[in-house]
Amino acid sequence: MIDLRSDTVTKPTEAMRRAMAAAEVGDDVYGEDPTVNLLQERSAEIFGKEAALFVASGTMGNQIAVKVQTRPGDEVIIEERCHIFNYEVGASAITAGVTIRPVRSGDGSGILTWDDIEPAISTDGIYDHTQTGLLCLENTLNLAGGRVMSAERCAELTENAHARHIPVHIDGARIFNAAVAHSTTVADMTKQSDSVQFCLSKGLGAPVGSVLVGSRDLIKEARIWRKRLGGGMRQAGILAAAGLIALEESPKRLHEDHANARVLAEGIAGIPGIAIDIETVETNIVIFDIAGTGRTAGEICDALKEKGVLASGFKSRIRMVTHLDVSRADIERTVVALDQVLTQSPTMSDNRSAAA
Ligand SMILES: Cc1ncc(COP(=O)(O)O)c(C=O)c1O
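Only a predicted model underlies this, so the values are computations on that prediction, with no experimental measurement involved.

Some thoughts on the site of the ligand
Turning to step 1, where the next piece is worked out: The local shell around the ligand consists of Ser 57, Gly 58, Thr 59, Asn 62, His 83, Glu 138, Asn 142, Asp 171, Ala 173, Cys 199, Ser 201 and Ser 210.
Turning to step 2, where the next piece is worked out: Residues of the shell around the ligand, tallied by class, amount to two nonpolar, eight polar and two charged.

Now the structure itself:
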């Protein structure tokens, strides 16, 4: 199977498995796991922040960040397609007691401008809206096809938010992809932000875990919330050992995933009924519209599965994500499989004969 459903599906590499087997461990709830401590120190260093905390998942990292930077009743401003709003099963309402105020990017790209954000801010918290407590930015933006917010834009939004006394959290599940795509560092992509969550278990290929980075005080508070939420994982160095390899080694190869995504996008762009803007494929996510095929995303994904390719379908769109377990040959096979699926479609052949 060529599994393009997500970059979360990667299996740990041999090097990760060896490191996990040999990991030095201790009780991380006591702060005594040397491998977790090393992962946290390296993460803080790489992001240019004071401290870091190893957490079970991206969702846990995001939710702790929301919790420790807001008060119940606050609003959190977020782009409407973001993961925190759409895919964290309403956690912010429960854990932090906040309301999400989704905003749309004016140009539809998902990359917010200050003009998109400012009208949604409320600082008096008495009349129409409750008080804005936090701005969350997602980079890369998953549902917008892995689009990248530049370091400059991110810094500008962060400065403006800070001028209004609003802290900024970055859901950087794929921030290393963003940095590689813009030939810069993750520290540059997230400078001045108050907290960043990044996933070890997505493009970086580790089996489990995310890291939350921020100030010493923020991480101290986050540590308490991690425990409260059941995320004190004891001998978690077994997992952190794989995370360390992911952190140090995997960013070096992300450009291969980006090149594969581009080849995939170019390959499928010519298939009748598929709509995709190749220029928007900046990282490892390819989202295309299949409305013109006359078939549903579910039907196409089922047919692709028969041919050994797994993809995610939602409404009239299909998402394919490249990662370290997908080769260039797999991408070429995927293009052929999709072409076969769609050109064998009764609806497409009807359309073609009608056009002819
Ligand atoms: C942008 C983004 N943020 C956060 C997450 C959550 O990560 P996890 O699945 O580890 O909870 C995901 C997962 O797909 C994601 O795509």
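Details of the nonpolar core
Grouped burial of nonpolar side chains is what soluble globular proteins tend to show.
Turning to step 1, where the next piece is worked out: Formed by 73 residues in total, the largest nonpolar core has its most connected members in Leu 135, Ile 175, Val 211, Leu 212 and Ala 242.
Turning to step 2, where the next piece is worked out: Not counting residues within four places of it along the chain, the set of residues in contact with Ile 175 comprises Asn 139, Ile 170, Val 186, Met 189, Thr 190, Val 196 and Phe 198.
Turning to step 3, where the next piece is worked out: Ile 287, Cys 301, Val 309 and Ile 318 belong to the second-largest nonpolar core, a separate cluster that totals 28 residues.

What about the domain arrangement of the protein?
Turning to step 1, where the next piece is worked out: Domains assigned within the protein are domain 1 (8–248) and domain 2 (253–342).
Turning to step 2, where the next piece is worked out: For domain 1 and domain 2, the distance between their C-alpha centres works out to 28 Å.
Turning to step 3, where the next piece is worked out: In this assembly, 16 residues from domain 1 lie in contact with 15 residues from domain 2.

A few points about unusual backbone geometry
Turning to step 1, where the next piece is worked out: With omega at 0 degrees, the peptide bond leading from Asn 139 into Thr 140 counts as cis.
Turning to step 2, where the next piece is worked out: Structurally, Thr 140 is set in the loop between strand 5 (132–138) and helix 7 (151–163).
Turning to step 3, where the next piece is worked out: The phi angle at Lys 315 is positive, at roughly 50 degrees, despite the residue not being glycine.
Turning to step 4, where the next piece is worked out: Look at Lys 315 and you get exposed, because 11 C-beta atoms sit within 10 Å.

Brief notes about the pairing of strand 7 (residues 195–199)
Turning to step 1, where the next piece is worked out: Where burial is concerned, most of strand 7 is hidden: five out of the five residues are buried.
Turning to step 2, where the next piece is worked out: Burial along strand 7 is two-sided: Ser 195, Gln 197 and Cys 199 and Val 196 and Phe 198, pointing in opposite directions, are all buried.
Turning to step 3, where the next piece is worked out: Of the strand pairs in this sheet, strand 6 (residues 168–172) and strand 7 are connected by four bridges, and their pairing is parallel. Of the residues in strand 7, the one forming a bridge with Gly 172 is Phe 198.
Turning to step 4, where the next piece is worked out: Of the pairings in the sheet, the one linking strand 7 to strand 8 (residues 210–214) comprises five bridges and is antiparallel in character. Of the residues in strand 8, the one forming a bridge with Gln 197 is Leu 212.

A short note on the pairing of strand 12 (residues 317–321)
Turning to step 1, where the next piece is worked out: Within strand 12, four of the five residues are buried, leaving the element largely enclosed by the surrounding structure.
Turning to step 2, where the next piece is worked out: The pairing of strand 9 (residues 285–289) with strand 12 spans five bridges and is antiparallel. Bridge pairing in strand 12 places Val 286 opposite Met 320.
Turning to step 3, where the next piece is worked out: Bridging between strand 11 (residues 312–314) and strand 12 involves three bridges; their strand directions are antiparallel. Note that in strand 12 the partner of Gly 313 across the bridge is Ile 318.
Turning to step 4, where the next piece is worked out: Counting the residues between successive antiparallel strands, the hairpin from strand 11 to strand 12 contains two residues, one of them, Lys 315, with a positive phi of roughly 50 degrees.

Thoughts on helix 13 (residues 297–306)
Turning to step 1, where the next piece is worked out: Of all the positions in helix 13, only Ala 297, Ile 300, Cys 301 and Leu 304 are classed as buried. Each buried residue of helix 13 sits inside an arc of 100 degrees when the element is viewed along its axis, so together they form one side. In helix 13, those exposed residues whose orientation departs by more than 90 degrees from the buried face are Gly 298 and Glu 306.
Turning to step 2, where the next piece is worked out: Buried residues along helix 13 sit in contact with strand 10 (309–310), strand 11, strand 12 and helix 14 (328–343).
Turning to step 3, where the next piece is worked out: Note on helix 13: the residue one or two positions beyond its end, Gly 308, has a positive phi of about 90 degrees.

Parameters at a glance
Residues numbered from 1 in each chain as written. Predicted model: local features only at pLDDT ≥ 70, side-chain atom pairs only at ≥ 80, totals over all residues. Near = placed C-beta within 6 Å. Nonpolar A, V, L, I, M, F, W, Y, C, P; charged D, E, K, R; others polar. Core = buried A, V, L, I, M, F, W, Y, C linked by C-beta atoms within 7 Å. Buried ≥ 20, exposed ≤ 12 C-beta atoms within 10 Å, placed from the backbone. Contact = placed C-beta atoms within 7 Å. Domains from an automatic or database assignment. Helix = DSSP H or I, 4+ residues; strand = E, 2+ residues; numbered from the N terminus. Pairing = 2+ DSSP bridges. Arc of directions from axis to C-beta.

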